[in-house]
Amino acid sequence: MASIRVRMRKDGTAYTAVLYTFDGKQTSSSFNDHAEALKFQDVCNRLGSAEARRIWKVAIPRHGHTVTSYLTEHLDALAGVEKKTMFEYRRYLVRDIEPVLGHIPLSTLNRADVAKWVNKMRADGVSGKTISNKLGFLSGALNLAVKAGEIPANPAAGIRVPRTLRRDMTLLTKDEYRLLKASFTDRWHPLLDFLVASGCRFSEATALKPGDVDRVNGTVRITKAWKRTPGDGGVKYEIGQPKTRRSIRTINLPAAVLDQLDYSHEWLFVNTEGGPIRLYSWRTNVWSPSLAKAMTKDENNPDKLLLATRLRIHDLRHVCASWLLSEGVPLITVAAHLGHEDAATTARIYGHLDRAAGQAAAAAMATLLG
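This is a predicted model, so every value here is computed, not measured. Along each chain, the written sequence defines residue order, and numbers are assigned to residues from 1. Only residues with pLDDT of at least 70 are given local features in this predicted model, and only at 80 or more are side-chain atom pairs given and counted; all residues enter the totals for whole chains, interfaces and linings. Excluded from the side-chain calculation are hydrogens and water; included are all heavy atoms of the structure.

J.: So what's going on with the overall build of the protein? Residues and values would help.
T.: The way it works is that DSSP assigns letters per residue, a run of H or I at least four long becomes a helix, a run of E at least two long becomes a strand, and they are numbered from the N terminus. Secondary structure summary: the protein contains 15 helices and 8 strands in total. A compact globule built from 370 residues would reach a C-alpha radius of gyration of about 21 Å, whereas the protein, at 28 Å, exceeds it by more than 25%. Here the C-alpha coordinates of the protein stretch approximately 85 × 65 × 45 Å along the principal axes. Intrachain contacts of the protein at a sequence separation of at least 6 include 58% that bridge at least 24 residues. With the radius of gyration taken over C-alpha atoms, the globule rule is written as 2.2 Å times the number of residues to the power 0.38. Throughout, a contact is declared for two residues whenever any of their heavy atoms are within 4.5 Å.

J.: Please give an account of the sheet that holds strand 8 (residues 249-252) that cites residues and values.
T.: Pairing is antiparallel in the open sheet, where 3 strands are placed in the order 4-5-8. Bordering the open sheet on either side are strand 4 (213-214) and strand 8, each of which pairs with just one other strand. Relative to strand 8, strand 5 (residues 219-222) runs antiparallel, the two being bridged by 4 bridges. Bridge pairing in strand 8 places Ile222 opposite Arg249. What makes two strands pair is DSSP finding at least two bridges between them.

J.: Could you give me a rundown of the pattern of salt bridges, with the residues and numbers involved?
T.: The working definition used for a salt bridge is a side-chain nitrogen of Lys or Arg within 4 Å of a carboxyl oxygen of Asp or Glu. Under the definition given, this model contains 17 salt bridges. Between Asp96 and Lys134 there is a salt bridge; the shortest N-O distance is 3.1 Å. You can see Asp96 sitting in helix 4 (residues 83-101) and its partner Lys134 sitting in helix 6 (residues 128-147), a full 38 residues away along the chain. A 1.4 Å probe rolled over the protein chains alone gives each residue an accessible area, and that area as a share of the maximum for its type sets the label: buried under 20%, exposed over 50%, partly exposed in between. When its relative accessible area of 16% is taken as the criterion, Asp96 is described as buried. Note on Lys134: relative accessible area 10%, which makes it buried. Put simply, Arg5, Arg7 and Asp113 are held in one network by salt bridges that share partners.

J.: Give a detailed account of the pairing of strand 3 (residues 25-31), specifying residues and quantitative values.
T.: Bridge count between strand 2 (residues 14-22) and strand 3: 7 bridges; the pairing is antiparallel. Considered in strand 3, the bridge of Phe22 is made with Lys25. The hairpin turn running from strand 2 into strand 3, its antiparallel successor, is 2 residues long, and Asp23 in that turn takes a positive phi close to 55°.

J.: An account of the nonpolar core is requested, with residue identities and associated values reported.
T.: In terms of nonpolar packing, the biggest core is built from 35 residues, with Leu180, Phe184, Leu191, Phe194, Val220, Trp282 and Trp287 touching the most fellow members. Ignoring sequence-local partners within four residues, the contact set of Leu180 consists of Leu172, Trp287, Leu291, Ala294, Leu307, Leu311 and Leu316. In these notes, a set of buried Ala, Val, Leu, Ile, Met, Phe, Trp, Tyr and Cys residues joined through side-chain atoms within 4.5 Å is what counts as a nonpolar core.

J.: Please provide a residue-by-residue account of a nonpolar patch on the surface, values included.
T.: Like-charged residues within 9 Å of one another, or nonpolar side chains (Val, Leu, Ile, Met, Phe, Trp, Tyr) within 5 Å, are grouped into patches, provided each residue has over 30% relative accessible area and no salt bridge. Only the protein chains shown count as cover for residues, and all accessible areas are computed by the Shrake-Rupley method using a 1.4 Å probe. On the surface, Met365, Leu368 and Leu369 cluster together into a nonpolar patch covering about 380 Å² of accessible area. Take Leu368: it is sitting in helix 15 (residues 356-368).

J.: Please set out the state of the cysteines residue by residue, giving values where relevant.
T.: By definition, disulfides here are pairs of cysteine sulfur atoms that lie within 2.5 Å. Taken as a whole, this structure holds 0 disulfides when the rule is applied. Unpaired in this structure, Cys200 has its nearest cysteine sulfur neighbour in Cys320, at a distance of 8.6 Å. For Cys200, a relative accessible area of 4% gives the class buried.

J.: How would you explain the pairing of strand 5 if you had to name every residue and give the values?
T.: When strand 4 meets strand 5, the two strands line up antiparallel, connected through 2 bridges. Residue Val213 lies in a different strand from strand 5, and its bridge partner there is Val220. Taking the residues between adjacent antiparallel strands as the criterion, strand 4 and strand 5 are bridged by 4 residues, where Gly218 takes a positive phi near 70°.

J.: Can you break down the sheet that holds strand 1 (residues 3-8) residue by residue, with the values?
T.: Strand order in the open sheet formed by 3 strands is 1-2-3, with antiparallel pairing between adjacent strands. Every interior strand has two partners, whereas the edge strands, strand 1 and strand 3, have only one. Here the strands of the sheet are splayed against their neighbours by 30° on average, with no regard to which way each runs. One ladder, built from 6 bridges, connects strand 1 with strand 2; its direction is antiparallel. Pairing of Ile4 across the sheet is with Val18, part of strand 2. Only the stretch in contact is used when a helix axis is fitted, and all axes are lines through C-alpha atoms; the angle between N-to-C directions ranges over 0 to 180 degrees. Of the strands in this sheet, strand 1, strand 2 and strand 3 touch helix 1 (residues 34-47), which is tilted by about 10° from strand 2.

J.: Any chance you could break down a positive patch on the surface for me, citing the residues and the numbers?
T.: Two residue types count as positive, namely Lys and Arg, and two as negative, namely Asp and Glu; His and chain ends fall outside the count. Charged side chains are reduced to one point each, which is NZ for Lys, CZ for Arg, CG for Asp and CD for Glu. Together, Lys84, Lys129, Lys243 and Arg348 make up a region of like positive charge exposed at the surface. With respect to the element layout, Lys129 can be found in helix 6.

J.: I'd love a proper account of helix 14 (residues 343-350), names of residues and values included.
T.: Those residues of helix 14 lying buried are Thr345, Thr346, Ile349 and Tyr350. Buried residues of helix 14 fall within an arc of 100° about the axis and therefore sit on the same side. In the core, the buried residues of helix 14 are packed alongside helix 12 (315-326) and helix 13 (331-338). Here, the arc refers to the directions that run from the helix axis to the C-beta atoms.

J.: Provide a residue-level description of the packing of aromatic side chains, including the pertinent values.
T.: The geometry of an aromatic ring pair comes down to the distance between the two centres and the angle between the two planes. Only Phe, Tyr and Trp rings are paired, with Trp represented by its six-membered ring, and only when their centres lie within 6.5 Å; those with planes under 30 degrees apart are stacked, over 60 edge-to-face, the remainder tilted. Taken as a whole and assessed by the stated rule, the structure comprises 13 aromatic pairs. Centre to centre, the rings of Tyr89 and Phe137 are 4.8 Å apart; their planes meet at 20°, and the pair counts as stacked. Remark: Phe137 occurs in helix 6 and Tyr89 occurs in helix 4; sequence separation between them is 48 residues. Residue classification places Phe137 among the buried residues on the basis of a relative accessible area of 6%. Within the aromatic cluster, the residues linked to one another by ring pairs are Phe184, Trp188, Phe202, Trp282 and Trp287. Two limits define a charge over a ring: the Lys NZ or Arg CZ must be within 6 Å of the ring centre, and within 35 degrees of the ring normal. Over the aromatic face of Phe22 sits the side chain of Arg53, whose NZ or CZ is 3.9 Å from the ring centroid. Between the NZ or CZ atom of Lys209 and the centre of the ring of Trp267, over which it lies, the distance is 4.6 Å.

Structure, rendered in structure tokens:
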């Protein structure tokens, strides 16, 4: 079925676009006269687009791309991108862009279309960061369409990402961490201590090998991480670069943490079969049941302390940062320990926990006030 859209040109004048399928592809024809556009739409719906084009003698457009067909060609030609990133881009197209924008001819895509898509994602509860990532992918692809002469301007440029509430990080006191740790079996205690002490991302910690640890100098070299990518018949895991350039780092850890690790396998941390640990299965089979145990009352021990906060595995990284800052470790040092791209990132995430400067300001004001 042909549909109508009223568009605005840069000079402020209006025109009407009729969207329809021709030769198996989505395309459109523009009319300055809205009534004429309605007639064209009616003929398209009654007699077919080929007959309507014959009657109005509409020239076949130079570019017949829809948003979906253009982005598909764009991805097929994209080079120098990690498999995981390419996998995410294709998911953006199939799950997010295609259902809302995919049918629109590339030549008629406008800011209102893109804004509608962004607002829908927000209404669906997508986080601001995720919306920004998806909009960034679309805008980058459309920039190339402008350079190639496919469209005169990028309709996604300058679209503002709506602010959404960010999930608060969950922090633990030392006693709360001991309570959590006690709910796990002993075999997982070294991994938990390592995650808290190192602040490593789970994908980084589980990609470590014994040779990455220097027990003499008490350091760990982090240069790789597991990447989840599509494979034949499902999903597979590959070793790749960590999240950012600065994530490649050497960190110091307490000897007590390193001494309790098992260095007899190919990987520093292994599953019950001796292979590398996978986040999704470990979270389902180990983390979630143990966390539930820490939060559940024991009828045989009514005085048992309970963990009151629900944690994500990633929150152990936040625990690391909060403990270091509480001991007066400078933000720049914490940034290097966590592998942040710069100290500004650390300050943005954890600045509210670093009260040293605030305490100094309060002490100075107390002195000035006498």
